[in-house]
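Chain by chain, the residues run as shown.
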Amino acid sequence: MDQGTRDEVLAHLAEAVGSVTAAHPTRVAVDGPPAAGKTTLADELAAVLRTQGRAVIRATIDDFLFPRAQRYPRGEYSAEGCYFDTHDNDALTRVLLDPLGPGGDRRFQQAVYDHTADTALSPPVTTAPADAVLLFDGVFLMRPELIDRWDLRVFVSTALEKTVDRAVIRERRVSSRADVERRWRERYIPAQQLYFTTVRPTEHADIIVHNDEPQQPAWETRTR
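What this report covers is the structure whose coordinates are included nearby. (Residues numbered from 1 in each chain as written. Predicted model: local features only at pLDDT ≥ 70, side-chain atom pairs only at ≥ 80, totals over all residues. Heavy atoms only, no water.)

### Some details on the sheet that holds strand β1 (residues 2-3)
Line of reasoning, step 1. Strands sit in the order β1-β11-β10-β9-β2-β8-β3 across an open sheet of seven strands; the sheet is mixed. Looking at strand neighbours, the two that pair on one side only are β1 and β3 (56-60), the edges of this open sheet.
Line of reasoning, step 2. Bridging between β3 and strand β8 (residues 133-138) involves five bridges; their strand directions are parallel. Across the sheet, I57 pairs through a bridge with L134, a residue of β8.
Line of reasoning, step 3. Of the strands in this sheet, β2 (26-31), β3, β8, β9 (152-157) and β10 (207-210) are in contact with helix α2 (residues 38-51), which crosses β8 at around 170°. (Pairing = 2+ DSSP bridges. Helix = DSSP H or I, 4+ residues; strand = E, 2+ residues; numbered from the N terminus. Contact = heavy atoms within 4.5 Å. Axes fitted to C-alpha atoms, helices over the stretch in contact; angles between N-to-C directions.)

In structure tokens, the structure reads:
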């Protein structure tokens, strides 16, 4: 395992992206628990890759949710519902991952849902350059339905208890501490525990970034 600065882990990730050889865009999963720091890491990596001249497509699992009316058949605090009922993985593969993958035409949409307005989206279809990089952040990205659609798999690891504290800070303007803690302890953390037990995502990751201390991360590169 290596440890260093934020810039050093980003340089390592950018090098790993650059080492992928494919005749289609490089599809990078940035997986991890809620509030692990996935979005921030993916945004920072995108900036590094763009300075290197790569065309970057940024997308997130939050733009592939089912509408709220469909997301909670097992109840608002169900861990099983969080894992099984929340994300439209069929749409994700159909409009984004498969078009950018082997045999795809590179014509993609990077969202199907506006989570702020809770409405469906149908953005214009865009054609990606063959050497583009898709940086896609989200939870549960190593699940069986998606695992084979990534060309590089990054897992952002953070102690689950630490994610609660981060979530309280992140959501303090819209939710009370009690509401955030209930959601995390009854829904999100048990859903992650279910995911770890059934899928073992870190065993599928190419790179694990240990992000308990974001400015002093550690990372390990795995051999598939």
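### A short note on helix α5 (residues 89-97)
Line of reasoning, step 1. A large share of α5 lies buried, amounting to seven of its nine residues.
Line of reasoning, step 2. All of the buried residues along α5 are N89, A91, L92, T93, V95, L96 and L97.
Line of reasoning, step 3. The secondary structure elements touched by the buried residues of α5 are β2, β3, β4 (107-108) and β8. (Buried < 20%, exposed > 50% of the residue type's maximum accessible area, 1.4 Å probe, protein only.)

### A few points about the pairing of β3
Line of reasoning, step 1. The element β3 is extensively covered by neighbouring structure, given that five of its five residues are classed as buried.
Line of reasoning, step 2. Side chains of β3 alternate between two faces, with V56, R58 and T60 and I57 and A59 buried alike.

### Considerations on the side chain of T86
Line of reasoning, step 1. Assignment of secondary structure puts T86 in the loop between α4 (79-84) and α5.
Line of reasoning, step 2. We classify T86 as buried; its relative accessible area is 7%.
Line of reasoning, step 3. Setting aside chain neighbours within four positions, we find T86 in contact with F64, L65, F66, R71, G81 and R187.

### Considering the nonpolar core
Line of reasoning, step 1. Counting 23 residues, the largest nonpolar core has L13, V17, V28, L45, L49, L135 and V209 as its most contacted members.
Line of reasoning, step 2. For this core, the secondary structure elements donating two or more residues are α1 (6-18), β2, α2, β8, β9 and β10.
Line of reasoning, step 3. At six residues, α1 tops the list of elements feeding residues into this core.
Line of reasoning, step 4. Excluding residues within four positions of it along the chain, L49 makes contact with A14, V17, R54, V56, V133 and L135. (Core = buried A, V, L, I, M, F, W, Y, C linked by side-chain atoms within 4.5 Å.)

### Some points on the pairing of β10
Line of reasoning, step 1. Judged from the four bridges that link them, β9 and β10 form a sheet pairing that is parallel. Residue pairing in the sheet places F155 in a bridge with I208 of β10.
Line of reasoning, step 2. Bridging between β10 and strand β11 (residues 218-221) involves four bridges; their strand directions are antiparallel. Along β11, the bridge assignment pairs I208 with E220.

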